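Each chain is listed here by its residues.
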Amino acid sequence: MKLIIGIGGVTNGGKTTLTNKLVKTLPNCCVVHQDDFFKKPAQIEVGEDGFRQWDVITSLDMEAMFNTVKGWQENPAKFARSHGVSLSPEVEESDPETGLHILIVEGFLLYNYKPMVDIYDKCYYIAIPYEECKRRRSTRQYTVADPPGLFDGHVWPMYLKHRKEMENNCNCIKYLDGLKPQEEIYNQVYESIQNTLLNIL
């Protein structure tokens with residue numbers, strides 16, 4: 001039994017925090033982080049807005065990401081072991097194909113790449129308003145620091161553009177309020193996943 005969960009959302013919305021909490025409590029759970037598939041800085045073009053285009057789908061090697069997810073689908077037990085994920089004793093002892101395996105795919109442009117939209121069993125999206133997003137972004141330390149004006153000139157406009165596109169692509173997204181306490185968001189998603197498992201197991 002395999003379940004693929006998408007945790008999408010705006011930059012600094014709380015995707016990784018939620019994902020990390022879920023990984024600790026869901027059985028046989030692996031994660032694929034979209035941020036691991038960014039192309040090298042030299043491959044990121046400068047757009048008409050004057051900024052390197054980090055916040056667009058072409059800045060990511062989505063084919064490689066898709067293939068990674070496919071690799072998990074083909075053999076989740078092998079994928080888990082190769083990524084250092086401990087499997088529950090019942091899965092280890094029985095046929096790995098019969099146990100429950102969960103994959104969380106986490107990122108900011110999860111629902112904008114058509115081939116992947118169809119593989120999610122559950123789609124979540126964390127949203128926060130402009131002011132809060134800008135405040136959180138300004139307090140984060142990035143490997144490549146944000147140049148002045150990046151948020152208003154590129155990050156937020158791209159978010160609005162992609163959100164509209166995403167809403168046209170995928171109509172089964174459950175929206176989460178990123179202003180709520182982290183524990184509350186986690187509980188909401190965890191219960192929702194548990195209900196799904198009860199219906200399919």
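Here the structure is shown first, and the text comes after it.
All of these numbers come straight from a predicted model, not from anything done at the bench. (Residues numbered from 1 in each chain as written. Predicted model: local features only at pLDDT ≥ 70, side-chain atom pairs only at ≥ 80, totals over all residues. Heavy atoms only, no water.)

K.L.:
I would appreciate a short explanation of the side chain of Thr196 in the present structure.
P.N.:
Tracing the backbone through its elements, the reader meets Thr196 in helix α8 (residues 182-200). You can call Thr196 buried: its relative accessible area is 15%. Leave out the neighbours within four places in its chain, and Thr196 touches Leu3 and Lys122. (Helix = DSSP H or I, 4+ residues; strand = E, 2+ residues; numbered from the N terminus. Buried < 20%, exposed > 50% of the residue type's maximum accessible area, 1.4 Å probe, protein only. Contact = heavy atoms within 4.5 Å.)

K.L.:
What am I meant to see in the pairing of strand β4 (residues 122-127) here?
P.N.:
Counting buried positions along β4 yields 6 of 6 residues, so the element is predominantly enclosed. Of the two faces of β4, the one carrying Lys122, Tyr124 and Ile126 and the one carrying Cys123, Tyr125 and Ala127 are both buried. Pairing of strand β1 (residues 2-9) with β4, which is carried by 5 bridges, proceeds in the parallel orientation. Across the sheet, residue Gly9 finds its bridge partner in β4, namely Ile126. Sheet topology note: the β4/strand β5 (residues 173-177) ladder contains 5 bridges and is parallel. Bridge pairing in β5 places Cys123 opposite Ile173. (Pairing = 2+ DSSP bridges.)

K.L.:
Whenever I open this one, the packing of aromatic side chains confuses me. Can you help?
P.N.:
Each aromatic ring pair is specified by the distance between its two centres and by the angle formed by the two planes. Scanning the model with the defined rule gives 10 aromatic pairs in all. Judged by centre distance (5.5 Å) and plane angle (75°), the rings of Phe38 and Trp54 are edge-to-face. Highlighted residues: Phe38 in the loop between β2 (29-33) and α2 (62-74) and Trp54 in the loop between β2 and α2, separated in sequence by 16 residues. Judged by its relative accessible area of 29%, Phe38 falls in the partly exposed class. Both rings, one in Tyr111 and one in Tyr120, keep their centres 5.3 Å apart while their planes meet at 80°; by these two values the pair is edge-to-face. Considered together, Tyr111 and Tyr120 belong to a single accessibility category, that of buried residues. Among the aromatic residues, ring-to-ring pairing joins Tyr130, Phe151, Trp156 and Tyr159 into one connected group. Sitting above the plane of the Tyr186 ring, Lys21 keeps its charged end 5.7 Å from the centroid. (Phe/Tyr/Trp six-rings, centres within 6.5 Å; stacked < 30°, edge-to-face > 60°. Lys NZ or Arg CZ within 6 Å of the ring centre and 35° of its normal.)

K.L.:
Explain the environment of Tyr124 to me, please; I cannot follow it from the model alone.
P.N.:
With respect to the helices and strands, the residue Tyr124 is situated in strand β4. Given the relative accessible area of 1%, Tyr124 is considered buried. The spatial distance from the C-alpha of Tyr124 to the C-alpha of Met62 is 19 Å, given a sequence separation of 62 residues. Among residues more than four places away in sequence, those in contact with Tyr124 are Ile5, Gly6, Ile7, Gly8, Tyr111, Ile173, Lys174, Leu176, Val189, Ser192 and Ile193.

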